[in-house]
Amino acid sequence: MKSLLRNRDIRFHLLFLTAAFLAGSAAGFAYSQAVGMTVLLCGLFAVVHFLLESYQRSLSIRRLSGELDRLLHGDTMISFSHYREGDLEVLRDELSKMTLRLKEQSETLLKDKQDLSKALADISHQIRTPLTSLHLMTERLRQLPPDSLDRKKLLRDMETMLERIEWLLNSLLKMSKLETGSITLQPQEINAYSLARKALSPFQISLELREIEVFLSGDRDAMILADEIWTLEALQNVLKNSIEHTPEGGKILITVKRTPLFSEIEVTDSGSGISEKDLPHLFERFYRGEDAHKDSFGIGLSLAQTILSRENAVIRAKNAPPMGASFSLKFY
């Protein structure tokens, strides 16, 4: 009885029923017994109607509570379609939106978790090989005399390995910061021709040693809206890839173009081109194609795409017979 009286609706109905009884009694004394009975019956009808409405609402709330409980325990097939118009319908709409949003967030978190797991596995695989080599080199180093030529060569090889690992970790850190928004790019108008010439500077010695000719041509006044430092990083990764796939004595063409819609930097090498199998996956992280360089980690082009995608720019790859691979960087 006490638990019933704690219910606000029950208390209201009892109060209404008491008021109807008193009103019926008063009407019976003041007018006639028929009038009193009419008032009392109307009161009873109203109370019964309110009780039925309360009961139906209680059932709906209980059903809704049960569905939410099943949702919390992993049931994703929840339907809210059996509710009528009214306050519960408004609540149903909001809960439906909430469950859809929670489901989307759950799927996104699951995908992020899977991507993170895959990325960690890829990183572990990429680092394990040079670390194993370093371990073997260290053991070999212990056995060599201090002043031997083999020892000096081994030290140079170890230094190269460490530089590769450092480059990989730095590239992964850059990608991570870009993807999480930790770095804000600062776009400004820069000359595309000058940017291409500046991107070539670190490769001059390597180009001379391998006798690779580079031809830079095109619109010297073409401007792009981009972050100079990060765009330089992206372009140098593309150039590095082209140099690695260009044979000794080959050539690389860099062309700067300007149209009413975009400015473009195109890099074309005289290598063997890109296989049809590799072409769709070229910008995937850690993807190494059939003709990948032995020192490649498969991350340079992926980093370039990540940078350009945040500058309203795109990068595309194709084969350009009779030359080899061609990379197009378009800045809109």
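Refer to the preceding data block for the structure.
Just so it is clear, the model here is predicted, and its values are computed rather than measured.

Considering the pattern of salt bridges
Move 1: With the rule as written, the count across this model stands at 7 salt bridges.
Move 2: Close ionic contact of Glu-139 with Arg-142 constitutes a salt bridge, the shortest N to O distance being 3.0 Å. Pair noted here: Glu-139 and Arg-142 are both in helix H4 (residues 87-143), with a separation of 3 residues, about one helical turn.
Move 3: A salt bridge links Glu-266 to Lys-257; the nearest nitrogen and oxygen atoms lie 3.4 Å apart.
Move 4: Note on Lys-257: relative accessible area 34%, which makes it partly exposed.

Some remarks on the side chain of Ser-148
Move 1: Structurally, Ser-148 is set in the loop between H4 and helix H5 (149-180).
Move 2: From its side chain, Ser-148 meets the backbone oxygen of Pro-145 in a polar contact 3.1 Å long.
Move 3: Polar side-chain contacts of Ser-148 include one of 3.2 Å to the backbone nitrogen of Arg-151.

Side note on unusual backbone geometry
Move 1: Cis peptide bonds are those with omega within 30 degrees of zero, and the linkage from Pro-321 to Pro-322 qualifies with 5°.
Move 2: Note on placement: Pro-322 falls in the loop between strand E6 (313-319) and strand E7 (325-331).
Move 3: Its identity as a non-glycine residue notwithstanding, Asn-312 has a phi of 55°, on the positive side.
Move 4: Take Asn-312: it is sitting in the loop between helix H9 (300-309) and E6.

Let's talk about the nonpolar core
Move 1: Formed by 48 residues in total, the largest nonpolar core has its most connected members in Leu-235 and Phe-327.
Move 2: It is helix H8 (residues 228-244) that contributes the most residues to this core, 7 residues altogether.
Move 3: When residues no more than four places from it in sequence are discounted, the contact partners of Leu-235 are Leu-195, Ala-196, Ala-199, Ile-265, Val-267 and Leu-329.
Move 4: By size, the runner-up hydrophobic cluster in this structure holds 8 residues, among which are Leu-134, Leu-154, Met-158 and Met-161.

Some points on a nonpolar patch on the surface
Move 1: Among the surface-exposed residues, Met-37, Leu-41 and Leu-44 lie close enough to one another that they form a single nonpolar patch of about 260 Å² accessible area.
Move 2: Topologically, Leu-41 is positioned in helix H3 (residues 33-72).

Brief notes about the sheet that holds E7
Move 1: Read across the sheet, 5 strands follow the order E2-E4-E5-E7-E6 without closing on themselves; strand pairing throughout is mixed. Every other strand in the sheet has two partners, leaving strand E2 (213-218) and E6 as the edge strands with one partner each. Direction aside, the axes of adjacent strands within the sheet are offset by 15° on average.
Move 2: Sheet analysis places E2 next to strand E4 (residues 251-258), joined by 6 bridges and oriented parallel. In the strand pairing of E4, Phe-215 is matched with Leu-253.
Move 3: Along the sheet, helix H6 (residues 192-200) contacts E2, E4 and strand E5 (263-269); its crossing angle with E2, the most-contacted strand, is approximately 170°.

What to know about H5
Move 1: Taking 1.5 Å as the rise per residue, H5 with 32 residues should run 46 Å; its terminal C-alpha atoms sit 47 Å apart, in good agreement.
Move 2: Among the residues of H5, those classed as buried are Leu-154, Met-158, Met-161, Arg-164, Ile-165, Leu-168, Ser-171, Leu-172, Met-175 and Leu-178.
Move 3: Downstream of H5 by one or two residues, Gly-181 has phi in the positive range, about 80°.

Some remarks on the packing of H5 against H9
Move 1: Interaxial distance between H5 and H9 falls to 10 Å at its minimum, and their mutual angle equals 25°. Taken together, the axes of H5 and H9 lie roughly parallel to each other. The two elements H5 and H9 meet at a crossing, and its hand is left-handed. For the pair H5 and H9, contact is made by Trp-167, Ser-171, Lys-174, Met-175, Leu-178 and Glu-179 and by Gly-300, Ser-302, Leu-303, Thr-306 and Ile-307, respectively.
Move 2: Looking at the contact of H5 with H9 residue by residue, the class counts come to 5 nonpolar, 4 polar and 2 charged.

Observations regarding the pairing of E4
Move 1: Bridge count for E4 against E5 is 7 bridges, and the pairing is antiparallel. Bridge pairing in E5 links Thr-255 to Glu-266.
Move 2: Hairpin connection of E4 to E5: 4 residues between the antiparallel strands.

Some details on H8
Move 1: Taking 1.5 Å as the rise per residue, H8 with 17 residues should run 24 Å; its terminal C-alpha atoms sit 24 Å apart, in good agreement.
Move 2: Most of H8 sits inside the fold, with 13 of its 17 residues counted as buried.
Move 3: Regarding H8, its N-cap is Asp-227, as a side-chain oxygen of that residue lies 3.2 Å from the backbone nitrogen of Ile-229 further along.

Let's talk about the packing of aromatic side chains
Move 1: A full pass over the atoms with the stated rule returns 2 aromatic pairs.
Move 2: Ring plane angle 65° and centroid distance 5.5 Å describe the contact between Phe-262 and Tyr-332, whose orientation is recorded as edge-to-face. Of this pair, Phe-262 sits in the loop between E4 and E5 while Tyr-332 sits in the segment after E7, placing them 70 residues apart in sequence.
Move 3: On the basis of relative accessibility, which here comes to 47%, the residue Tyr-332 falls in the partly exposed class.
Move 4: With 6.5 Å between their ring centres and 85° between their planes, Phe-283 and Phe-327 make a pair best called edge-to-face. With Phe-283 in the loop between E5 and H9 and Phe-327 in strand E7, the pair connects residues that are 44 residues apart, well separated along the chain. Across the pair, Phe-327 and Phe-283 agree in class, each one buried.

Cut-off values and rules
- Numbering of residues starts from 1 in every chain and runs along the sequence as written.
- Note on the predicted model: pLDDT of at least 70 is required for a residue's local features to be given, and 80 or more for side-chain atom pairs to be given and counted; whole-chain, interface and lining totals, by contrast, use all residues.
- The side-chain quantities take in all heavy atoms of the structure and omit both hydrogens and water.
- In what follows, salt bridge is the name for a side-chain nitrogen of Lys or Arg lying within 4 Å of a carboxyl oxygen of Asp or Glu.
- Counting from the N terminus, the helices are DSSP H or I runs at least four residues long and the strands are E runs at least two residues long.
- Burial here depends on accessible area, computed with a 1.4 Å probe over protein chains only, as a share of the maximum for the residue type. Under 20% is buried, over 50% is exposed, and the range in between is partly exposed.
- Polar contact criterion, stated in full: a pair of N or O atoms within 3.5 Å, where within protein one must be able to donate a hydrogen and the other to accept it, and residues adjacent in sequence count only if both atoms are side-chain atoms.
- Within this scheme, the nonpolar core is defined by two criteria: the residues are buried Ala, Val, Leu, Ile, Met, Phe, Trp, Tyr or Cys, and they are joined through side-chain atoms within 4.5 Å.
- Residue contacts follow a heavy-atom distance rule, with two residues in contact if any of their heavy atoms lie within 4.5 Å.
- Patches were defined on residues exceeding 30% relative accessible area and lacking a salt bridge, with like-charge contacts within 9 Å and nonpolar side-chain contacts (Val, Leu, Ile, Met, Phe, Trp, Tyr) within 5 Å.
- What sets the accessible areas is the Shrake-Rupley method with a 1.4 Å probe; for residues, cover comes only from the shown protein chains.
- Paired strands are those between which DSSP finds at least two bridges.
- For helices, the axis comes from a line fit to the C-alpha atoms of the stretch in contact; other axes are also lines fit to C-alpha atoms, and the angle between any two N-to-C directions lies between 0 and 180 degrees.
- For a helix, the expected span equals 1.5 Å multiplied by the number of residues minus one.
- Here is the rule for angles: anything less than 35 degrees is roughly parallel, anything more than 145 is roughly antiparallel, 65 through 115 is roughly perpendicular, and the remaining ranges are oblique.
- Each crossing gets its handedness from the near helix: less than a right angle anticlockwise from the far helix is left-handed, clockwise is right-handed.
- All amino acids are sorted into three groups, where Ala, Val, Leu, Ile, Met, Phe, Trp, Tyr, Cys and Pro are nonpolar, Asp, Glu, Lys and Arg are charged, and the leftover types, Gly among them, are polar.
- Think of it this way: a Phe, Tyr or Trp ring, Trp meaning its six-membered ring, pairs with another when their centres are within 6.5 Å, and the plane angle makes it stacked under 30 degrees, edge-to-face over 60, tilted otherwise.

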